[in-house]
Amino acid sequence: MLTAQSLRQAFVRTFGDQNRKIALTRSPGRINVIGEHVDYNEGFVLPAAVNRAVWVAAQRRLDSKVVVFSATVDEKIEFDLKTMRNEKDHGWANYPKAVLHTLQNRGWKLEGLNLYIESDVPMGGGMSSSAALECAVAWGAMSLFPYTLDKLSVVKICQRAENAFVGVNCGIMDQYASVFGKQGHALFLDCRTLQCQPVPLPLATHRLLVIDSMVKRKLVSGEYNKRREQCAEAVKALKARFPQVKALRDLEEADLAKALPLLPPVVAKRAEHVVRECARVKAAVAALRAGNLKGVGALLNASHESLKTLYEVSCPELDLLVGTAQRTPGVLGARMMGGGFGGCAIALVETPAVDLAKREVSRVYQHRFGTTPPFHDVEAADGTSEVVAPS
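Break down the layout of surface pockets for me, citing the residues and quoting the values.
Quantified by volume, the second largest pocket comes out at close to 160 Å³. Surrounding the second largest pocket, M1, L2, T3, R26, N51, R52, A53, W55, D120 and A381 form its lining. Here the residues of the lining of the second largest pocket sort into 5 nonpolar, 2 polar and 3 charged.

Go over empty space enclosed by the protein with me, naming the residues and quoting the values.
Scanning the entire structure with this criterion turns up 1 cavity of 30 Å³ or more. As a volume, the largest cavity reaches approximately 40 Å³. Lining the largest cavity, in full, are V33, L201, L203, L208, L288, L293, V296 and L348.

Let's hear about the packing of aromatic side chains: which residues, and what values?
Evaluation of the coordinates by the stated rule reveals 7 aromatic pairs. Aromatic pair F11 and F15: ring centres 4.9 Å apart, planes at 35°, arrangement tilted. Pair noted here: F11 and F15 are both in helix α1 (residues 4-15), with a separation of 4 residues, about one helical turn. Owing to a relative accessible area of 0%, F11 belongs among the buried residues under this scheme. When the centroid spacing of 5.0 Å and the interplanar angle of 50° are considered together, the rings of Y365 and F369 count as tilted.

If you had to explain the sheet that holds strand β4 (residues 65-70) to someone new, which residues and values would you point to?
Strand order across the open sheet formed by 6 strands is β5-β4-β6-β3-β1-β13, with mixed pairing between neighbours. This sheet does not close on itself; its edge strands, each paired only once, are β5 (75-80) and β13 (385-386). Across 5 bridges, β4 lies against strand β6 (residues 113-119) in parallel orientation. Within β6, the position partnered with V67 by the bridge is N114. In this fold α1 packs onto β1 (23-32), β3 (47-60), β4 and β6, with an angle of close to 130° to the strand it touches most, β6. Against the sheet, helix α5 (residues 173-180) engages β1 and β3, with an angle of about 125° to β1.

Basis of the calculations
- Residues numbered from 1 in each chain as written.
- Predicted model: local features only at pLDDT ≥ 70, side-chain atom pairs only at ≥ 80, totals over all residues.
- Heavy atoms only, no water.
- 1 Å grid on protein atoms, 1.4 Å probe; cavity = no way out; pocket = protein on both sides within 12 Å on 5 of 7 lines; lining within 4 Å.
- Points joined across faces, edges and corners; volume = space filled by probe spheres on them.
- Nonpolar A, V, L, I, M, F, W, Y, C, P; charged D, E, K, R; others polar.
- Phe/Tyr/Trp six-rings, centres within 6.5 Å; stacked < 30°, edge-to-face > 60°.
- Helix = DSSP H or I, 4+ residues; strand = E, 2+ residues; numbered from the N terminus.
- Buried < 20%, exposed > 50% of the residue type's maximum accessible area, 1.4 Å probe, protein only.
- Pairing = 2+ DSSP bridges.
- Contact = heavy atoms within 4.5 Å.
- Axes fitted to C-alpha atoms, helices over the stretch in contact; angles between N-to-C directions.

Here is the structure:
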């Protein structure tokens, strides 16, 4: 288990210098209970930070070089603050580079850094390991340099870093959940106003089970950005008939019958998913507040079907995981989670049925794909913070 003390010790083993300040930060991954591909449509989402995190130990250097070591992938990458650019072969290291580049553009005068990274958030699994890494690096930089940011500024800087530097045109949900997470709660977030209401997760008798397809997503490859472009195309086409529509969140379900025929068929499918998914988020919040977990499960099932058939971001592996889980007694609902094209599924399971669900999903997945998927039991956790190791 990762702790502040073990993180500090690992940093010292890697970089050797104990005499200058070492900032220790942790930033959690996130699940999204429901509300997929709607954050960049200014819609409503229901994420939660989880008890799996990216941990970063950071220390200032005396030059402009940044040396980043990831224990998770056992790789060290170096770059210079004066010549930072997105480099394909730097892969995961482009995310901390993006944050530092964005902070410099904000006017921060930075010096080089040694960064040690360790994580138990699955990489490329739809639990936002990249956003957690970004937020942990920003938090560490704030501790080492004479600048202060409020939480929302950290969120916006890290989102901008991923959009402009990495090239993933993501919405704000991932970074927001990582920073603002609250133990035992999901976050009902309006992605336009950024107003947020914590919603208790009544999971005393149920579990949220994350199932990893082991199919690694590659959002930078273009499909994610293409979906965003299609949503923008829908808004542009609908403005003449529906002038109130500034983003797809402004279109009501009752308007779909009139709106969808105005759009090209593929674009219409994307718009329908977004509008109905926003409605499902609101319904899920109401169901959670009422303690109606069966209702939440039904909404998860409907969300997956929409992501599969209307938004077309699922894949055979995810469909098998979700379908098998949905058919297992004691599973109230399941869906793919995250950007899609791989990654994880999430299931709402009665606690006594968790072991059965794992066995049944493993059996079917092994038979079809020749491998057993990893499972992650997760709980809602607090957001990004600096941590202190015992002296």
